[in-house]
Amino acid sequence: MLDAQNHRHTDLPNAPGVGYKAKHFSDLLEAPGDVAWLEVHAENYMGAGGRPIAQLAHLAELFPISVHGVGLSIGAEGRLDPEHLARLKKLCAWVKPASFSEHLAWSTHDTSFLNDLLPLPYTEATLTRVADHIDEVQEVVGRRMLLENPSSYLAFDESTLSETEFLEALAKRTGCGLLLDVNNVFISATNLNMDAKSYIDSFPLQHVGEMHLGGHDEDEDDHGAPLLIDSHGAEVANPVWELYGYTIAKAGPRPTLIEWDTDVPDWPVLRAEAAQAARYLQPAHV
Amino acid sequence: MAVSQTSFTDAIFDPTAPRPDGLSDGQGQAAGRRFDVYRNNVIASLTEALQAAFPVIEKLVGEANFKVLAGDFVRAHPPSSPLMMFYGAELPIFLKSYGPVSSIQYLPDVARLETAIRESYHEGDAVPADPAVFGSLSPEALMASRLTLVPSARLVRSAWPIHAIWRFNREDGAPKPEMTPQDVLIVRPNLDPQPLLLPAGGGTFVARLLARDTLRDALDAAAQEFGDFDLTQTLTLLISNAAILDIGDTT
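Sequence positions are assigned chain by chain, starting from 1 and proceeding in written order. Lettering of chains starts at A and numbering of ligands starts at 1, both following the order in which they are written. Where totals are concerned, whole chains, interfaces and linings use all residues; where local detail is concerned, this predicted model gives features only for residues with pLDDT of at least 70, and gives and counts side-chain atom pairs only at 80 or more. Water and hydrogen atoms were dropped before computing side-chain values, which therefore reflect all heavy atoms in the structure.

K.L.:
Hey, could you run me through the overall build of chain B in this one?
P.N.:
Every helix listed is a DSSP run of H or I at least four residues long, and every strand listed is a run of E at least two residues long, numbered separately from the N terminus. Helices and strands together make up the secondary structure of chain B, namely twelve helices and six strands. Classification of residues uses two cut-offs on accessible area relative to the type maximum, computed with a 1.4 Å probe and protein chains only: under 20% is buried, over 50% is exposed, and between them is partly exposed. Here chain B, with 251 residues, has 50% of them falling under the buried criterion. Across chain B, the fraction of contacts at a sequence separation of at least 24, relative to all contacts at a separation of at least 6, is 62%. Roughly 11,700 Å² of accessible area belongs to chain B as shown, and the carbon and sulfur atoms make up 52% of that amount. Within this scheme the basic residues Lys and Arg register as positive and the acidic residues Asp and Glu register as negative, but His and the chain ends are omitted. The atom standing in for a charge is NZ when the residue is Lys, CZ when it is Arg, CG when it is Asp and CD when it is Glu. The averaged location of the 30 negative side-chain charges in chain B is 5 Å from the averaged location of its 20 positive side-chain charges. The criterion used for residue contact is that any of the two residues' heavy atoms lie within 4.5 Å. Methods summary: accessible areas were calculated by the Shrake-Rupley approach with a probe of 1.4 Å, and residue burial reflects only the protein chains presented.

Put into structure tokens, the structure is as follows:
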């Protein structure tokens, strides 16, 4: 096991957190259970004021907050949007989050924002471009960020590096930490017929500042091969829990988020998922 | 071969376009419908953003029709910002010329009302003027004042009964709309925007306030439109809903 304390990339506790939903506001305050921190999507808190800002300000007094961006388009061929960078900087300045993270993906092209995390080929050219963008983000926002591994539905013929090589090179070049989404690993491994544990074995776990767990949907491709879709709309699947156990046995306990973004359940269901993560994070398990 | 983000984007927005070459299942077979996951995600997530913003429009046209309409809107007006809280601002204008619903003439105005409610929800916070100020002013000083409304206030004027239509589709037991023009002021006395039906002349009165007219000029304009315009009633509505930010210079 790695010594996590020597590689802290966030100030989040090694405990479960959940993706915050406004419908859980009262229940969460009343009975947080094992939920020790909250993650919010940065773009939902970039309005001028009103209820979202008021709620986040209140929650930030009570919980460590992870600001998780979904719209920066770090993998874009074009330059980063300076206005959006400025909004991220402003948000981080007042929330003072325990962690700030974004995705290895692109979502903006020319002037269009596609509202999805779109995939990148793993080449030297994209590595240089993404590293430059991460440097720029860390410079403007004034802090180190975590970068999340994507869920893959297809592969680029032009790729010359593996995803783990690509992420490790980014961490080394930019000093950023990594956000390891275990559900995404399971999805990508299933969809591209790779071994999920081999992916974890080759992942630079010393850079991992946070982990994600979430639910997925099952579909199939034109040839009847399984095609898992990253839906964040269900309980964490059993093989994902198993892969998570395998991962923290190697990496040691890390801050772990339960993501549930569509068909969001009542609070007790989400809290139970966090309690399950808490059991994995106990020293006896690791 | 390299897949550019231009060709990726074009193929996402055009479901009839061929999928880009150079994408596979990781084992040598073309990606095929794996690419369609992205097509579906993009259209579905943007449609969801529109559903969240325009629940009454969705109810008026029906869920299935709204999904078709939203897909057409998304392709015609993809977002230009990652802030979904502002996406769909062009929907009211789009509805005016969107064939399948262009005969429902009140639809664009109801969409304007929903857009204004969402804007109000996310607007900046402000401390309203102390109501005691109004009692302390002489009638002359009050008439010379130029009231500023709080940032979260929005005026939506319509030749259609937009307030009644909105209520009928949001509240159980709300009365059936009758065909009459309605002007609506959205206020945010706490953190939840409330659409208030303005009394006759009230739309003109508030529009003049927003144009920085004096209270006297706003009153004259409202009274010209509706002889029995009730200034006290409208001012009380504004004050009791914390809609007035500042009374300005009264000298």
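K.L.:
Can you walk me through the sheet that holds strand S4 (residues 182–187) of chain B in this structure?
P.N.:
Neighbouring strands of a sheet are bound in pairs by backbone hydrogen bonds; such pairs are parallel or else antiparallel. Residue and element names in this part refer to chain B. Strands pair, by our definition, only if DSSP identifies at least two bridges between them. With respect to topology, three strands assemble into an open sheet ordered S3-S4-S5, the strand pairing being antiparallel. Lying at the two open borders of the sheet, with one neighbouring strand each, are strand S3 (154–158) and strand S5 (194–197). If you compare each strand with its neighbour and ignore which way they point, the axes differ by 25 degrees on average. The pairing of S3 with S4 spans five bridges and is classified as antiparallel. Directly across from arginine 157, in S4, lies its bridge partner aspartate 183. The strands touched by helix H9 (residues 162–170) within the sheet are S3, S4 and S5, with S4 carrying the most contacts at an inclination of about 60 degrees. Structural elements are reduced to axes, namely lines fitted to C-alpha atoms, with helices fitted over the stretch in contact, and the angle between N-to-C directions of any two is expressed from 0 to 180 degrees. The sheet contacts of helix H10 (residues 202–210) involve S3 and S4, and relative to S3 the element is tilted by about 135 degrees.

K.L.:
Could you clarify how one ought to interpret the pairing of strand S9 (residues 177–181) of chain A in this entry?
P.N.:
The two faces of a sheet get side chains in turn, since along a regular strand they alternate between them. All names here are of chain A. The buried count for S9 comes to five of five residues, which makes it a mostly enclosed element. With burial as the criterion, each face of S9 is covered, one bearing Gly177, Leu179 and Asp181 and the other bearing Leu178 and Leu180. Pairing geometry for strand S7 (residues 146–148) and S9, over three bridges, is parallel. Residue pairing for S9: glutamate 148 is matched across the bridge by leucine 179. Taken together, the four bridges between S9 and strand S10 (residues 208–214) define a ladder with parallel strand orientation.

K.L.:
Looking at this structure, I do not really get helix H3 (residues 82–95) of chain A. What am I missing?
P.N.:
Residues and elements named next belong to chain A. A helix is expected to span 1.5 Å for every residue after the first. With 14 residues, H3 ought to run about 20 Å at 1.5 Å a step, and its terminal C-alpha atoms sit 20 Å apart, in line with that. All buried positions along H3 are accounted for by His84, Leu85, Leu88, Leu91, Cys92 and Val95. What you see down the axis of H3 is that its buried residues fit within an arc of 125 degrees, all on one side. Of the exposed residues in H3, the ones pointing more than 90 degrees away from its buried face are Glu83 and Lys90. On the buried face of H3, the contacting elements are helix H2 (51–62), strand S3 (65–68), strand S4 (99–103) and helix H4 (124–141). N or O atoms within 3.5 Å of each other form a polar contact, as long as, within protein, one can give a hydrogen and the other can take it, and as long as residues adjacent in sequence are counted only when both atoms are side-chain atoms. By the N-cap criterion, in which a side-chain oxygen at the helix start approaches the backbone nitrogen of a residue two or three places on, H3 is capped by aspartate 81, the distance to glutamate 83 being 2.9 Å. The directions from the helix axis to the C-beta atoms form the arc being described.

K.L.:
When you look at the pattern of salt bridges in this model, what are you seeing that I'm missing?
P.N.:
Between side chains of opposite charge, a pair can form when the charged atoms approach closely. For this document, the term salt bridge refers to a Lys or Arg side-chain nitrogen within 4 Å of an Asp or Glu carboxyl oxygen. Scanning all chains against the criterion turns up 19 salt bridges over all chains. Between aspartate 219 of chain A and arginine 33 of chain B there is a salt bridge, and its shortest N-O distance comes to 3.4 Å. One end of the pair, aspartate 219 of chain A, is in strand S11 (residues 217–220); the other, arginine 33 of chain B, is in the loop between strand S1 (23–24) and helix H2 (34–53), on a second chain. Given a relative accessible area of 35%, aspartate 219 of chain A falls into the partly exposed group. For arginine 33 of chain B, a relative accessible area of 32% gives the class partly exposed. One salt bridge in this structure joins arginine 188 of chain B and aspartate 125 of chain B, with 2.8 Å as the shortest N-O distance.

K.L.:
How should a negative patch on the surface be read in this particular structure?
P.N.:
Without a salt bridge and with relative accessible area above 30%, a residue can belong to a patch; like charges are then joined within 9 Å and nonpolar side chains (Val, Leu, Ile, Met, Phe, Trp, Tyr) within 5 Å. A cluster of acidic residues, Asp217, Glu218 and Asp263 of chain A together with Glu48 of chain B, forms a negative patch at the surface. Looking at the secondary structure, you find glutamate 48 of chain B in helix H2.

K.L.:
Teacher, can you tell me more about the domain arrangement of chain B here?
P.N.:
The accessible area lost on association of the parts is a frequent measure of interface size. Residues and elements named next belong to chain B. Entries for chain B in the domain assignment read domain 1 (7–21 + 32–104) and domain 2 (125–251). Bear in mind that the domain bounds are from an automatic or database domain assignment. The distance between the C-alpha centroids of domain 1 and domain 2 comes to 35 Å. The interface of domain 1 with domain 2 comprises four residues on the first partner and four residues on the second. Accessible-area loss on putting two parts together, using a 1.4 Å probe and summing over both, is the definition of buried area adopted here. Taken together, both faces of the contact between domain 1 and domain 2 bury some 370 Å²; the carbon and sulfur share is 68%. Area buried by domain 1 at its contact with domain 2 is led by Val56, Lys59 and Leu60, which between them contribute 87% of it. Connecting domain 1 to domain 2 are zero salt bridges. Of the residues that constitute the side of domain 1 that touches domain 2, the class distribution is three nonpolar, no polar and one charged. Residue polarity is assigned by list, with Asp, Glu, Lys and Arg as charged and Ala, Val, Leu, Ile, Met, Phe, Trp, Tyr, Cys and Pro as nonpolar; anything else, Gly included, falls into the polar class.

K.L.:
So what exactly am I meant to see when it comes to the packing of aromatic side chains here?
P.N.:
What describes a pair of aromatic rings is the distance from one ring centre to the other and the angle between the planes of the rings. Note on aromatic pairs: the rings of Phe, Tyr and Trp (six-membered ring only in Trp) are paired at centre separations within 6.5 Å, and the planes decide the class, stacked below 30 degrees, edge-to-face beyond 60, tilted for the rest. Throughout the structure, instances matching the rule amount to 15 aromatic pairs over all chains. An angle of 65 degrees between the planes, with centres 6.1 Å apart, marks the rings of tryptophan 241 of chain A and tyrosine 244 of chain A as edge-to-face. With tryptophan 241 of chain A and tyrosine 244 of chain A both in helix H8 (residues 238–251) and three residues apart, the pair spans about one turn of that helix. Across this residue pair, the class does not change: tryptophan 241 of chain A and tyrosine 244 of chain A are buried. Chaining the aromatic ring pairs together yields one cluster made of Trp106 and Tyr153 of chain A together with Phe8, Phe35 and Tyr38 of chain B.

K.L.:
Can you help me understand the interface of chain A and chain B in this one?
P.N.:
With 49 residues of chain A in contact, the opposing surface of chain B contributes 44 residues. Summed over the shared surface of chain A and chain B, the result is three salt bridges. Note that aspartate 192 of chain B and arginine 51 of chain A form a salt bridge whose closest N and O atoms lie 2.8 Å from each other. At the boundary of chain A with chain B, the tally comes to 23 residue pairs in polar contact (both at pLDDT 80 or more). When contributions to the side of chain A that touches chain B are tallied by element, the ones reaching two or more residues are H2, H3, strand S5 (106–109), strand S6 (112–118), strand S8 (155–156), S11 and strand S12 (226–229) of chain A. With seven residues, the top contributor of residues to the side of chain A that touches chain B is S6 of chain A.

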